[in-house]
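Examination of the molecular architecture
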Number of protein chains: 2
Amino acid sequence: MAEEVSNKQVILKNYVRGFPKESDMEMRTTSLKLKLPEGSCGAILVKNLYLSCDPYMRSRMSKLEGHYTESFTPGSPIGGFGVSEVLDSSHSNFKKGDLLWGLTGWEEHSIITAPETLFKIEHTDVPLSYYTGILGMPGLTAYSGFFEICSPKKGDNVFISAASGAVGQLVGQFAKLAGCYVVGSAGTKEKVDLLKQKFGFDEGFNYKDEQDLEAVLKRYFPDGIDIYFENVGGKMLDAVLLNMRLHSRIAVCGMISQYNLEQSEGVQNLFCLITKRIRMEGFLVFDYYHLYPKFLQMILPLIKEGKIVYVEDIAEGLENGPSALIGLFSGRNVGKQVVAVTRG
Amino acid sequence: MAEEVSNKQVILKNYVRGFPKESDMEMRTTSLKLKLPEGSCGAILVKNLYLSCDPYMRSRMSKLEGHYTESFTPGSPIGGFGVSEVLDSSHSNFKKGDLLWGLTGWEEHSIITAPETLFKIEHTDVPLSYYTGILGMPGLTAYSGFFEICSPKKGDNVFISAASGAVGQLVGQFAKLAGCYVVGSAGTKEKVDLLKQKFGFDEGFNYKDEQDLEAVLKRYFPDGIDIYFENVGGKMLDAVLLNMRLHSRIAVCGMISQYNLEQSEGVQNLFCLITKRIRMEGFLVFDYYHLYPKFLQMILPLIKEGKIVYVEDIAEGLENGPSALIGLFSGRNVGKQVVAVTRG
């Protein structure tokens, strides 16, 4: 008979409105047989090692219709990207002992019935947690957003908001490698120091210290911005629009400042799109999964040679997951927020 | 001695705030010698035949800084696109009797000192006034905006706001020729009838009759919009964003609903750019002047074969110019608004 183990889970209690709170989630412990049921076909049983806290998860906590992703189910575990180890498999592509990254549940063990969303991990001479960040969805987001949407050229002036986050820290480093002048904004002095001292940004500023975002951008970009990598939306976008150059590009990756508002802040300076002939383009990483092998080929040597670094903020233990996830929206995390379920 | 004639002019009295009024302009009569001064170099003297009323002129009535165009000068004649006849020339490209279109003054005669902004009219077997519209700046705007920015494909669902205007009526006809499904919005029943009966749009609606723009767009585009040709901004843009399809395109040509507001309406649904991977791109016709010969080659046969039609609203006499220009902002014009200075 298969061993039965207890399985801690993070449960969404109810759909969330406004800012999410830790108390919107609760811990539950169930039990699970460490073997797939007889006759399973295509499913795999995994032990979750690391879980990824990502801003897009906020939308899944609300009741969604016609969105690109599905709502979590109140009363059930939430889910997201993670790094997992295969314990049992009924799918020909995966076998016991394989390491994977992709969509899994916020619980100690998961049965994954849609393994087409999983990538097998072939390179283990880097921290496994990197597959929730630099080597996972956020890494490919930064790569595809910057290289496919922003049309970077040497000498371009690049501005990145939420620049020390999972995606922003990489976009800045890619832009520096591409020969750009790079400035980032973040929400604490510690994060701004990281931008300049760790990630090699030319400049950085704490947007919370600035009364006049338009003026601070003009100070750092007297000749205007060629590329804006948008992670925050709202007032920052309005200030950026006034500082864009002719024929500049905005890659719209996220708008974290808006996710917890009942009604979005209005953006008023869109007329600049015309006067400055700006291309503003939204994108989702799901459209670029085919680039993952090419991306890995580029990024792995850069990591090993120390030419790209990555800062993670790791919460230990699944029970600290809800607070880590909520922390994203107040900017409590420094770097990529990860939850270590168990040190694999 | 050169003949001296009286020269009626439309003068901007003061910079305008909010909605412009006829009384922001006044008529003045000066006199002018019908010959360039001795030693002129590069200047040309023209008789203005038709003047073009275009929405972008609103911005020139205010004090501008760092804009793509310059403010008019209070106390001096306003200017814009027009069709003119050369009376005297000190420029080697132009000679007496030539017909031109390009930037001129709102007056009976003008001395143009920057003739690089002028196009010689070679084809006179079409109405000359067309060179303020279908064969001039608005025509090239429609052509470059639709074909260069919108990436149209056969079967695309196309929505055009201000669809009976100088640019919109052409975009709709280009889209029909390209095999698209085309819907336009306008502000009166008469204009909506034009869309369907004259320009061959599949559908049209009067936005002033609609309480819920999001719902009316959903009704006409149950599968969503592939291409939005944006002429109005504000609430319409917000409703459109909710109805765009995956990987759709928005060409931002104008935002006439916003030009007279002290503060723009905020646009709240920009997050749709991400979820639907929308490309939203502003453009100005000035970047596409090199396409003018190619455009003419395409459009002239279409006009002569009756495959493209063009509706003009012609005000007779320069003294009726201010009221015609102001009328653009309340949508009083039906089709392209022109001022016939004198029937050349």
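Calculation criteria
- Within every chain, residues take consecutive numbers counted from 1 along the sequence as written.
- Both sets of labels track the order of writing: A upward for chains, 1 upward for ligands.
- Residue-level local features of this predicted model are given only where pLDDT is at least 70; pairs of side-chain atoms are given and counted only at 80 or more, and the full residue set underlies all totals for whole chains, interfaces and linings.
- Neither water nor hydrogens contribute to the side-chain values; these are computed over all heavy atoms in the structure.
- The helix count covers DSSP runs of H or I at least four residues long, the strand count covers runs of E at least two residues long, and both are numbered beginning at the N terminus.
- The globule rule used for comparison is 2.2 Å times the number of residues to the exponent 0.38, while the radius of gyration itself is calculated over C-alpha atoms.
- Summary of the burial criterion: residues with accessible area below 20% of their type's maximum are buried, those above 50% are exposed, and those between are partly exposed, where the area comes from a 1.4 Å probe applied to protein chains only.
- Between two residues, a contact is recorded if the distance between any of their heavy atoms is within 4.5 Å.
- For the accessible areas, the method is Shrake-Rupley and the probe is 1.4 Å, while residue cover comes only from the protein chains on display.
- Pairs of N or O atoms within 3.5 Å make up the polar contacts considered here, provided that, within protein, one atom can donate a hydrogen while the other can accept it, and that residues adjacent in sequence are counted only when both atoms are side-chain atoms.
- DSSP bridges decide pairing: two strands pair if at least two such bridges lie between them.
- Handedness of a crossover is defined as follows: orient the strands so they point away from the viewer, and if the path from the first strand over the helix to the second runs clockwise, the crossover is right-handed.
- Each of two parts loses accessible area, computed with a 1.4 Å probe, when they are put together; buried area is these two losses added.
- Whenever Lys or Arg places a side-chain nitrogen within 4 Å of a carboxyl oxygen from Asp or Glu, that contact is recorded as a salt bridge.
- Copy-to-copy superposition: least squares on the C-alpha atoms, limited to residues that have pLDDT of at least 70 in both copies.
- Source of the domain bounds: an automatic or database domain assignment.
- Classification convention: Asp, Glu, Lys, Arg as charged; Ala, Val, Leu, Ile, Met, Phe, Trp, Tyr, Cys, Pro as nonpolar; all other residues, Gly among them, as polar.
- To get an axis, a line is fitted to the C-alpha atoms, and for a helix only the part in contact is used. The angle between two axes follows their N-to-C directions and goes from 0 to 180 degrees.

Turning next to the overall build of chain A. Secondary structure assignment for chain A yields nine helices and 15 strands. Here chain A has a C-alpha radius of gyration of 21 Å; the compact-globule value for 344 residues is 20 Å, and the two agree. In terms of its C-alpha atoms, chain A occupies a principal-axis envelope of roughly 70 × 45 × 35 Å. Taken across its 344 residues, chain A has 59% of its residues classed as buried. Within chain A, residue pairs in contact and separated by at least 24 positions form 69% of the contacts whose partners lie at least 6 positions apart. When the accessible surface of chain A is split by element, carbon and sulfur atoms take 48% of a total near 14000 Å².

The subject of this paragraph is the side chain of D156 of chain A. Residues and elements named next belong to chain A. Tracing the chain through its elements places D156 in the loop between α2 (137–149) and β8 (157–160). Since its relative accessible area comes to 3%, D156 is described here as buried. Here the side chain of D156 touches R249 through a polar contact of 2.9 Å, side chain to side chain. Once residues lying within four places of it in the same chain are set aside, the contact partners of D156 are S151, C180, Y181, D226, I227 and R249.

Taken residue by residue, a regular strand's side chains alternate between the two faces of the sheet. Residues and elements named next belong to chain B. Of the strand pairs in this sheet, strand β14 (residues 312–316) and strand β15 (residues 336–340) are connected by five bridges, and their pairing is parallel. Bridging from a neighbouring strand, A315 pairs with V339 of β15. As for the winding sense of the linkage, the β-α-β connection from β14 through helix α9 (residues 321–327) to β15 is right-handed.

With that settled, the discussion passes to the pairing of strand β5 (residues 99–105) of chain B. All names here are of chain B. For β5, the buried fraction is high: six of the seven residues fall into the buried class. Relative to β5, strand β4 (residues 79–89) runs antiparallel, the two sharing seven bridges. Pairing of E85 across the sheet is with L99, part of β5.

All names here are of chain A. Checked against the element boundaries, S52 lands in strand β3 (residues 44–52). Among the polar contacts listed, one links the side chain of S52 to the side chain of D54, at a separation of 2.6 Å. In terms of polar contacts, S52 uses its side chain to reach the backbone carbonyl oxygen of T132, at 3.4 Å. Residues in contact with S52, not counting those within four places in the same chain, are M57, F81, W106, T132, K336 and Q337.

Counting from both sides, the interface comprises 29 residues of chain B and, opposite them, 29 residues of chain A. Summed over both sides, the interface of chain B with chain A buries roughly 2500 Å², with 63% coming from carbon and sulfur. Taken as a group, Q268, I274 and R277 of chain B account for 24% of the area that chain B buries against chain A, more than any other trio of residues on that side. For the pair chain B and chain A, the number of links is two salt bridges. Measuring nitrogen to oxygen at the nearest pair gives 2.7 Å for the salt bridge that ties R277 of chain B to D287 of chain A.

The two copies are related by a screw motion: chain B maps onto chain A through a turn of 180° and a shift of 0.0 Å along the axis, at an RMSD of 0.0 Å. With respect to symmetry, the two chain copies, as superposed, fit the operation of a two-fold axis. Rotation axis and chain B: the residue whose C-alpha lies nearest the axis is G266 of chain B, separated from it by 1.8 Å.

Below, the discussion takes up the domain arrangement of chain A. Residues and elements named next belong to chain A. Annotation of chain A at the domain level lists domain 1 (4–133 + 310–340) and domain 2 (137–286). Each of domain 1 and domain 2 was reduced to a C-alpha centroid, and the two centroids are 29 Å apart. Taking both partners together, domain 1 and domain 2 bury about 1800 Å²; carbon and sulfur atoms supply 64% of that area. Put simply, domain 1 and domain 2 have one salt bridge between them. Of the charged contacts in the structure, one is a salt bridge between E262 and R17, with a shortest N-O distance of 2.8 Å. The class makeup of the residues in the side of domain 1 that touches domain 2 is twelve nonpolar, seven polar and four charged.

This part covers the sheet that holds strand β12 (residues 244–252) of chain A. Pairing is mixed in the open sheet, where twelve strands are placed in the order β10(A)-β9(A)-β8(A)-β11(A)-β12(A)-β13(A)-β13(B)-β12(B)-β11(B)-β8(B)-β9(B)-β10(B). With partners counted over all chains shown, the strands left at the sheet margins are β10 (203–206) of chain A together with β10 (203–206) of chain B, one partner each. For this sheet, the mean angle separating the axes of adjacent strands, direction not counted, is 15°. The pairing of strand β13 (residues 279–282) of chain A with strand β13 (residues 279–282) of chain B spans three bridges and is classified as antiparallel. Paired with E281 of chain A across the strands is R279 of chain B, a residue of β13 of chain B. The strands touched by helix α5 (residues 213–220) of chain A are β8, β9 (181–186), β10 and β11 (225–230) of chain A; relative to β10 of chain A, the strand with the most contacts, the crossing angle is about 165°. Its contacts with the sheet place helix α6 (residues 235–243) of chain B against β8 (157–160), β9 (181–186), β10, β11 (225–230), β12 (244–252) and β13 of chain B, and it is angled at close to 150° to β12 of chain B.

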